Structure formats: C-alpha cells, structure tokens
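Residue-level listing of the chains:
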Amino acid sequence: MIRTDMLGWTLAELALALLFALLAAFVPSYRAKVVRLERLEAGSKKSLPAADIENLRKRNADLQSEIEASRKNLKSRITPSCAELDKNSGWLFSATVTSRDSFEIDGETLALDGILKKYADQLADAKRRGCIQQARIYFDPSISAADLDYAYERLRMRLYLDYLGERRP
C-alpha cells in the first residue's frame, strides 16, 4: 500500500513538483544575471582606451618577470638524500665509531679514507645524481664525547647520518 499525502500525491511526487517549481522561479533570474554580466564585460572592454590596455599589459609582464625572478630563490639549498630520489635506495652502510678516525663496518675497521675508497662508486653516483647517501651510525661506549663529535662531523661532511646511539653487543 502506497502512502499518499494531500491531493492523492505520494511524497516523491510532491518533492518532484516542488523541485520543478523552484527551478521555474530561479532559472530565468539566473539567466538574466548572466546576460547582464556579459553586457557589463563587453562595455568595460570598450570603455578602456588602448593606451591604458597597453600600460596594463606592460605592468602585467613586469610583475610576471618579478615573480619568475623570485622563484629561483624558493628552491631549497639542501641536497636531498638518495632515498628521497630513489625509493629503492637504502642505507649505504651501518658503522660503529670506535675512535676519532676509526669506524667498524661489517666487522672491518676502517679510517675515513678507507670508507671513502670502499664506497667511492656509490658516492660518485650520488654526486652525479645530485643527492647524498645515508649511513647509520652507532658509537662505542668507550669513546670520548670529543672524539665522537669529531668523527660525526667528518662523516657528516659527506653523508647524511642517522644516529642510533650506543652499540649493543
């Protein structure tokens, strides 16, 4: 059984009739506004002298060139990590700082020069691509704070470091 309202119409029929009544009331006034706006735009184009239009175009071009000149300063000066450019790229190595110029990588003790030689190809590739490799760095608990800081600074000049704290046995 279908529920009916006034005049024997269902609620859906009443809603549809109301929708059409609203459209009939507002569409003509909306169309009149659009026509009026088009007339005003056409009149405004005719009312500006050609010299003013040319001055406005020149001013617009000047502002555009200023915007373009300032955009080059918006680029970050920080070189991205290679992991940001290539999502498949991971950490170059994990090392433990054992002394001022001594790093343990995979059981092998290397100085900074040894690390640079061992990973020369990866570092050169990163430089060519415009990125910096990353390394995980632990520290030996027996190292002094000054030596640790010195070792970190020397590594940081060439790599982005993730400081993981004390090496756990």
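Described below are features of the structure shown in this document. Just so it is clear, the structure is predicted and the values come from calculations on it, not from any experiment. (Residues numbered from 1 in each chain as written. Predicted model: local features only at pLDDT ≥ 70, side-chain atom pairs only at ≥ 80, totals over all residues. Heavy atoms only, no water.)

## Regarding the pairing of strand 5 (residues 160-166)
Part 1 of the reasoning: Sheet topology note: the strand 4 (residues 134-139)/strand 5 ladder contains six bridges and is parallel. Among the inter-strand pairings, F139 is bridged to a residue of strand 5, identified as E166.
Part 2 of the reasoning: The handedness of the strand 4 to strand 5 crossover, carried by helix 6 (residues 145-156), is right-handed. (Pairing = 2+ DSSP bridges. Helix = DSSP H or I, 4+ residues; strand = E, 2+ residues; numbered from the N terminus. Right-handed = clockwise from strand over helix to strand, strands pointing away.)

## Some remarks on the packing of aromatic side chains
Part 1 of the reasoning: Under the criterion given, the structure shown has two aromatic pairs.
Part 2 of the reasoning: Geometrically, the ring pair formed by F93 and Y119 is stacked, given 4.9 Å between the ring centres and 25 degrees between the ring planes. Of this pair, F93 sits in strand 1 (residues 93-99) while Y119 sits in the loop between helix 4 (112-118) and helix 5 (120-129), and the two are 26 residues apart along the sequence.
Part 3 of the reasoning: Its end group placed over the ring of Y150, R100 keeps NZ or CZ at 3.7 Å from the ring centre. (Phe/Tyr/Trp six-rings, centres within 6.5 Å; stacked < 30°, edge-to-face > 60°. Lys NZ or Arg CZ within 6 Å of the ring centre and 35° of its normal.)

## Here we look at the pattern of salt bridges
Part 1 of the reasoning: For the structure on display, the rule yields seven salt bridges.
Part 2 of the reasoning: Between E108 and K118 there is a salt bridge, with its nearest N and O atoms 3.3 Å apart. With a gap of ten residues between them, E108 in strand 3 (residues 108-110) and K118 in helix 4 connect regions that are remote in the sequence.
Part 3 of the reasoning: Residue E108 is classed as partly exposed on the basis of its relative accessible area of 36%.
Part 4 of the reasoning: Residue class for K118 comes out partly exposed when judged on its relative accessible area of 37%.
Part 5 of the reasoning: The salt bridge involving D125 is made with R128; its shortest N-O contact spans 2.2 Å. Taken together, the positions of D125 and R128, both in helix 5 and three residues apart, correspond to about one turn of that helix.
Part 6 of the reasoning: With a relative accessible area of 63%, R128 lands in the exposed category. (Salt bridge = Lys/Arg side-chain N within 4 Å of Asp/Glu carboxyl O. Buried < 20%, exposed > 50% of the residue type's maximum accessible area, 1.4 Å probe, protein only.)

## A few points about the state of the cysteines
Part 1 of the reasoning: Enumeration over the complete set of coordinates arrives at one disulfide.
Part 2 of the reasoning: Here C82 engages in a disulfide with C131; their sulfurs sit 2.1 Å apart. Residues C82 and C131 are joined through a disulfide that is right-handed, its torsion about the S-S bond being 85 degrees. Taken together, the residues span a long stretch of sequence, with C82 in helix 3 (residues 82-85) and C131 in the loop between helix 5 and strand 4 at a distance of 49 residues. (Disulfide = S-S within 2.5 Å.)

## Examining the nonpolar core
Part 1 of the reasoning: Counting 20 residues, the largest nonpolar core has F93, V97, F103, I137 and L159 as its most contacted members.
Part 2 of the reasoning: Taken together, the elements giving at least two residues each to this core come down to strand 1, strand 2 (102-105), helix 4, strand 4 and helix 6.
Part 3 of the reasoning: When residues in this core are grouped by element, the largest group, four residues, is from helix 6.
Part 4 of the reasoning: Setting aside its immediate chain neighbours within four residues, F93 contacts I105, I115, Y119, Q134, A135, R136, I137 and L159. (Core = buried A, V, L, I, M, F, W, Y, C linked by side-chain atoms within 4.5 Å. Contact = heavy atoms within 4.5 Å.)

## Some points on the sheet that holds strand 1
Part 1 of the reasoning: Read from one edge of the open sheet, five strands run 3-2-1-4-5, paired in mixed fashion. This sheet does not close on itself; its edge strands, each paired only once, are strand 3 and strand 5. Going across the sheet, the axis of each strand differs from the next one's by a mean of 30 degrees, ignoring polarity.
Part 2 of the reasoning: As paired elements, strand 1 and strand 4 share five bridges and run parallel to each other. In the strand pairing of strand 4, S94 is matched with R136. (Axes fitted to C-alpha atoms, helices over the stretch in contact; angles between N-to-C directions.)

## Details of helix 6
Part 1 of the reasoning: Compared with an ideal rise of 1.5 Å per residue, which puts twelve residues at 16 Å, helix 6 spans 16 Å between its outermost C-alpha atoms and is within 8% of the ideal.
Part 2 of the reasoning: Those residues of helix 6 lying buried are L148, A151, Y152 and L155. Down the axis, helix 6 shows its buried residues gathered within 100 degrees of arc, on one side only.
Part 3 of the reasoning: Structurally, helix 6 contributes buried residues whose contacts are with strand 1, strand 2, helix 4, strand 4 and strand 5. (Expected span 1.5 Å × (residues − 1). Arc of directions from axis to C-beta.)

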